[in-house]
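For reference, the chains in residue letters:
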Amino acid sequence: MLLRFVAQNLASFKNAVEFNSFPSSKTHSHENHKIECGHATVLRLSAIYGANGAGKSNLIGCIQQLKGMVESESLSHFIFPEPPAFKFNEECLISPSGMAIEFFADGNVFYYHIEFNTQEVVVEELFLSKKTKDIKLFAREDKGISINADYMVNASSEQFLDALNRLVRPDMFLLSFLGKYYPKEMPLASSAFSWFTRSLEIFRPDSIAGFVPHLLDMNPDFEKLVNETIPQMKTGISKLAVKKEVVSEDEIKGSPELQQIAKRAKTQPSIPLSKIDSQNGGTINYVFEDNLLYMKTLVSIHQKIDGTEVEMTIGSESDGTRRLIEYMPLFYAVTRQGGVYIVDEIERSMHPILIKDIIQKLSESNTAKGQLVFTTHESGLLDQSIFRPDEIWFAQKDSEQATQLYPLSDYNIHKTANIENGYLNGRYGGIPFLSNLKDLHW
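Now for a description of the structure that goes with this document.

Conventions used here
- Residues numbered from 1 in each chain as written.
- Predicted model: local features only at pLDDT ≥ 70, side-chain atom pairs only at ≥ 80, totals over all residues.
- Heavy atoms only, no water.
- Core = buried A, V, L, I, M, F, W, Y, C linked by side-chain atoms within 4.5 Å.
- Buried < 20%, exposed > 50% of the residue type's maximum accessible area, 1.4 Å probe, protein only.
- Contact = heavy atoms within 4.5 Å.
- Helix = DSSP H or I, 4+ residues; strand = E, 2+ residues; numbered from the N terminus.
- Axes fitted to C-alpha atoms, helices over the stretch in contact; angles between N-to-C directions.
- Parallel < 35°, antiparallel > 145°, perpendicular 65-115°, else oblique.
- Left-handed = near helix turned anticlockwise from the far one by under 90°.
- Expected span 1.5 Å × (residues − 1).
- Pairing = 2+ DSSP bridges.
- Nonpolar A, V, L, I, M, F, W, Y, C, P; charged D, E, K, R; others polar.
- Salt bridge = Lys/Arg side-chain N within 4 Å of Asp/Glu carboxyl O.
- Patch = residues over 30% accessible without salt bridge, like charges linked within 9 Å, V, L, I, M, F, W, Y side chains within 5 Å.
- Areas by Shrake-Rupley, 256 points an atom, 1.4 Å probe, with all protein chains shown as cover.
- Lys, Arg positive; Asp, Glu negative; His and termini not counted.
- Charge placed at Lys NZ, Arg CZ, Asp CG, Glu CD.

1. Some points on the nonpolar core
- One finds Tyr112, Leu175 and Phe196 to be the most contacted residues of the largest nonpolar core, which totals 59 residues.
- Discounting residues that sit within four places of it in the chain, Leu175 has contacts with Val70, Tyr112, Glu124, Leu126, Phe138, Ala189, Ala192, Phe193 and Phe196.

2. Details of the environment of Ser191
- Position of Ser191 relative to the elements: it lies in helix 5 (residues 187-199).
- With 83 residues separating them in the primary sequence, Ser191 and Asn108 have C-alpha atoms 9.0 Å apart.
- Apart from residues no more than four positions distant in its own chain, Ser191 is found in contact with Ala105, Asp106 and Phe110.

3. Let's talk about the packing of helix 1 (residues 56-72) against helix 5
- Relative orientation of the contacting elements helix 1 and helix 5 amounts to 120°, with a least axis distance of 10 Å. Between helix 1 and helix 5, the crossing angle belongs to the class labelled oblique. At the point where helix 1 passes helix 5, the crossing takes the left-handed sense. Residues Leu66, Lys67, Val70 and Glu71 of helix 1 pack against Phe193, Phe196 and Thr197 of helix 5.

4. Things to note about helix 5
- Between the first and last C-alpha of helix 5 there are 17 Å, a value that for 13 residues agrees with the 18 Å anticipated at 1.5 Å per step.
- Those residues of helix 5 that fall on the buried side of the exposure criterion are Leu188, Ala189, Ser190, Ser191, Ala192, Phe193, Ser194, Trp195 and Phe196.

5. What to know about the sheet that holds strand 17 (residues 340-343)
- The 6 strands are arranged 11-17-18-5-19-20 in an open sheet whose pairing can be described as mixed. With partners counted over all chains shown, the strands left at the sheet margins are strand 11 (200-203) and strand 20 (403-407), one partner each. In this sheet, neighbouring strand axes are inclined to one another by 15° on average, regardless of whether the strands run parallel or antiparallel.
- Sheet topology note: the strand 17/strand 18 (residues 371-375) ladder contains 4 bridges and is parallel. Across the sheet, Val340 pairs through a bridge with Gln371, a residue of strand 18.
- Contacting strand 11 and strand 17, helix 5 crosses the sheet at an angle of about 35° to strand 11.

6. What to know about the packing of helix 1 against helix 4 (residues 174-181)
- Close contact between helix 1 and helix 4 brings their axes to 7 Å; oriented N to C, the two are set at 50°. In terms of orientation, helix 1 lies oblique with respect to helix 4. Two packed elements cross with a definite hand, and for helix 1 against helix 4 that hand is right-handed. Packed against helix 1, whose contacting residues are Met69, Val70, Glu71 and Ser72, the element helix 4 presents Leu175, Ser176 and Lys180 at the interface.
- Its residues assigned to classes, the contact of helix 1 with helix 4 shows 3 nonpolar, 2 polar and 2 charged.

7. Quick word on the pattern of salt bridges
- Under the definition given, this model contains 24 salt bridges.
- Linking Lys296 and Asp217 is a salt bridge whose minimum nitrogen-to-oxygen distance equals 2.7 Å. Of this pair, Lys296 sits in strand 15 (residues 292-303) while Asp217 sits in helix 6 (residues 212-218), and the two are 79 residues apart along the sequence.
- Judged by relative accessible area, which is 0%, Lys296 ranks as buried.
- When the shortest N-O distance is used, the salt bridge between Lys224 and Glu228 registers 2.8 Å. Placement of both Lys224 and Glu228 in helix 7 (residues 220-229) is noted, with a separation of 4 residues, approximately one turn of the helix.
- Among the charged side chains, a salt-bridge network with shared partners connects Glu31, Lys34, Arg388 and Asp390.

8. Digging into the sheet that holds strand 9 (residues 134-141)
- Within the open sheet, the 7 strands sit side by side as 2-1-6-7-8-9-10. Their pairing is antiparallel. The sheet is open, and its two borders are formed by strand 2 (17-20) and strand 10 (144-147), each paired with just one other strand. Taking each pair of neighbouring strands and ignoring which way they run, the sheet shows an average axis angle of 10°.
- With 4 bridges joining them, strand 9 and strand 10 adopt antiparallel strand pairing. The partner of Ala139 across the bridge, within strand 10, is Ser146.
- This element, helix 5, spans strand 1 (2-8), strand 6 (97-105), strand 7 (108-116), strand 8 (121-129) and strand 9 of the sheet and lies at about 100° to strand 6.

9. Some points on the pairing of strand 6
- Summarising burial for strand 6: 9 of the 9 residues are buried, a large majority.
- Of the two faces of strand 6, the one lined by Ser97, Met99, Ile101, Phe103 and Ala105 and the one lined by Gly98, Ala100, Glu102 and Phe104 are each fully buried.
- Both strand 1 and strand 6 contribute to a ladder of 6 bridges, which runs antiparallel. Each residue of the ladder has a partner; that of Leu2, found in strand 6, is Phe103.

10. Quick notes on the pairing of strand 13 (residues 273-276)
- Inspection of the sheet shows strand 13 paired to strand 14 (residues 283-289) by 4 bridges, in the antiparallel sense. Its bridge partner lying in strand 14, Ser274 is registered against Asn285.
- Hairpin connection, strand 13 to strand 14: the antiparallel pair is bridged by 6 residues, and Gly281 has positive phi, about 80°.

11. Here we look at a negative patch on the surface
- Together, Glu245, Glu249, Asp250 and Glu251 make up a region of like negative charge exposed at the surface.
- If one sorts the elements of the negative patch by residue count, helix 8 (residues 249-253) sits on top with 3 residues.
- Within the fold, Glu249 resides in helix 8.

Here's what the structure looks like:
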C-alpha cells in the first residue's frame, strides 16, 4: 500500500509537496475503505482533481519516474530531455530534485528518499518506519555509503560495506543494487525493491492492457468477473471469448516477424507476447504452450433479438468499450489481489455513468484488497456515497506556477453536502479560472 509520496524541485513541484492516503480524524464514512498496514491505517481509494496544467499528471509522472529509476538501477539508463528541476526559480535550477515515498510491503512500513540530478544520486536513504521512531537501514551521502549492520544476514558488515563503496557508482541506486544482487544479505532492502517491481503499477492515458486474451483464457476467476461485469455495462456485449489458434510451422516459416515471435516465445513458455493487430486494432497474444505456438485473440459476442450470437472483433467496438475491456485486469487485481494501482485520467473515452458505476462498485466492495489512486476530470464522481472527503484531492498552481496538493477534508464538509456542485462553483479550487468569453468576442 502507498502511504505517502513527496516531490520537491521536480517538474511543477517547487517546495516539498505531499500526497498521502491517511484517513482524517474528521471523517467517519466508508469505514470499509480503511486498511491496516502495520502501525498505520491507509485508505484504498483516492481521486485527484485539478484544472488542465495544474500538475495532476506530473504527480503520476513523478511516481512513475521513481519506479522506473529503481527498476533500471542507474540514472544512465534514464533519458532526461531537459533538467527535471522546477524551472521558474533560478535557485531550483542549480539544486537537486527530490522524491520520497512511504509504503507497506511484506508486513513492514518503509520510507525511501532520494535526491538526484541528471548525472548522480546525491542522497539516498531507506528507513524502516515504526510507530515512534524510524530505523535507518542504509544511507548514502557525500558519496559515502553506510549500512545498518543489525539488519544484515550472513555477511561481514565491514567487508560488505567496502565492496558497496567500490561497486556502486554515483549514478547507481543502492536500493536497486541490493535488491538485485544481494537480496539474501539485505532482505529488508530486497523486500522494498520488490514492492517497486511487483506491487506498484502505473497506467497512463495511452497504456494498453496487452494480455487480456491470455488472462481470459487461463484464469477462470477472471473470466467469471469479466462476463458478469461486461453485460451489466450495457455496451451491447453479452460476453467476451478467446479465439485460440495454433500457428502452423508453414505460417512461421513464411513470416520473418512470426519467426522472431516464435523464437522469443520458446524461451519463455506460458508467458504471452503482445502485439497489436494492424487490421482491426485488437490485441494478439502469442504464447508457447504444449510445444506449440498459439495465437490468442479476444472476440466480443453480441446477441440478436432472436437470441442467436454474433461474433465481432474487439477492434470494431467503440473506444470506450475497448477501454472498459482494458480496465478489466486492473479491476480484477484491485478486487482479488493486493498491490497499488495508479491511473492517470481514468475516465478517458468512457461515459460518465459507466465510470461512476465501476468506481461505485469498488467503493462498496468489502473484499477489495488493492489500492486505487487516479486522476480525473469527471465531476460526477464527486459523490459522498462513493468517496470520503479525505479520499478526494485537488491540484492547483500558486502564483509561482508551482503545484500544490490538498485534500477535500481540509474543508469542513457536512456529510450531506453536494460536493460536486461546490467543486464546479470553485468552492474548493482545482478548477480552471477562465477569462470572460464575452471579452474575447465569443
